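Notes for the structure review
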Amino acid sequence: MRFEIMRLNDVDGSAVDSTVVDAASVNRIVQQAAAIGQRIYIRPAENSAS
């Protein structure tokens, strides 16, 4: 499963940028964000049409 992770603006909470990662990478990214106090939003990535 893949997830979209959006980095959020500290002032208004708007999405600054986003990336799509596999499930194995989510924990590492969450740990990094927590270490620096970064706000992130995680949701399942949309499936692309084949």
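Just above, that's the structure.
First things first, this report covers the structure right here in the doc. All values derive from a computational prediction rather than experimental measurement.

**Examining the overall build of the chain**
Looking only at helices and strands, the chain features one helix and three strands. Element order for the chain, N to C, with α for helix and β for strand: β-β-α-β. Contacts spanning at least 24 positions in sequence make up 46% of the contacts within the chain whose residues lie at least 6 apart. Of the roughly 3,800 Å² of accessible surface on the chain, 49% is carried by carbon and sulfur atoms. Treating the 5 positive side-chain charges of the chain as one cloud and the 6 negative ones as another, the clouds have centres 4 Å apart.

**Some details on the sheet that holds strand β1 (residues 2-8)**
What links the strands of a sheet is backbone hydrogen bonding, and the strands pair in either a parallel or an antiparallel sense. If you walk across this open sheet you meet the three strands as β2-β1-β3, and the pairing is antiparallel. Unpaired on one side and paired on the other, β2 (15-22) and β3 (40-44) mark the two borders of the sheet. On average, each strand axis in the sheet is tilted by 20° relative to the strand beside it, whichever way the strands run. Docked against the sheet, helix α1 (residues 23-36) engages β1, β2 and β3, running at close to 140° with respect to β2.

**Thoughts on the pairing of β1**
β1 sits mainly inside the fold: five of its seven residues count as buried. Bridging between β1 and β2 involves seven bridges; their strand directions are antiparallel. Bridge assignment links methionine 6 to a residue of β2, and that residue is serine 18. Counted between consecutive antiparallel strands, the loop separating β1 from β2 contains six residues, among which glycine 13 sits at a positive phi close to 80°. Relative to β3, β1 runs antiparallel, the two being bridged by five bridges. Note on β3: the bridge partner recorded for phenylalanine 3 is proline 44.

**Some remarks on the nonpolar core**
Core analysis: the largest hydrophobic core is formed by five residues, namely Phe3, Ile5, Val21, Val26 and Ile29. Of all the elements in the fold, those that place two or more residues in this core are β1 and α1. The contacts of isoleucine 5, once residues within four sequence positions are left out, are Asp17, Ser18, Thr19, Val21, Val26, Ile29, Ile40, Tyr41 and Ile42.

Scoring rules and cut-offs
- Throughout, residues of each chain are indexed from 1 in the direction in which the sequence is written.
- Owing to the predicted nature of the model, reporting of local features is limited to residues with pLDDT of at least 70; listing and counting of side-chain atom pairs is limited to 80 or more, with chain, interface and lining totals taken over all residues.
- Hydrogens and water molecules were not included; the side-chain quantities draw on all heavy atoms of the structure.
- The helix count covers DSSP runs of H or I at least four residues long, the strand count covers runs of E at least two residues long, and both are numbered beginning at the N terminus.
- By the convention used here, residues are in contact when the closest approach between their heavy atoms is within 4.5 Å.
- All accessibility values rest on the Shrake-Rupley procedure with a 1.4 Å probe; residue burial counts only the protein chains present in the view.
- Neither His nor the chain ends contribute to the count of charged residues, in which Lys and Arg are positive and Asp and Glu negative.
- Taken as the charge location is NZ of Lys, CZ of Arg, CG of Asp or CD of Glu.
- The rule for pairing is simple: two strands pair if DSSP sees at least two bridges between them.
- Axis lines are fitted through C-alpha atoms, for helices just across the contact stretch, and the angle between N-to-C directions can take any value from 0 to 180 degrees.
- Here's how the labels work: a residue is buried when its accessible area is under 20% of the maximum for its type, exposed when over 50%, partly exposed in between, all with a 1.4 Å probe on protein chains only.
- For our purposes a nonpolar core is just a set of buried Ala, Val, Leu, Ile, Met, Phe, Trp, Tyr and Cys residues, chained together by side-chain atoms within 4.5 Å.

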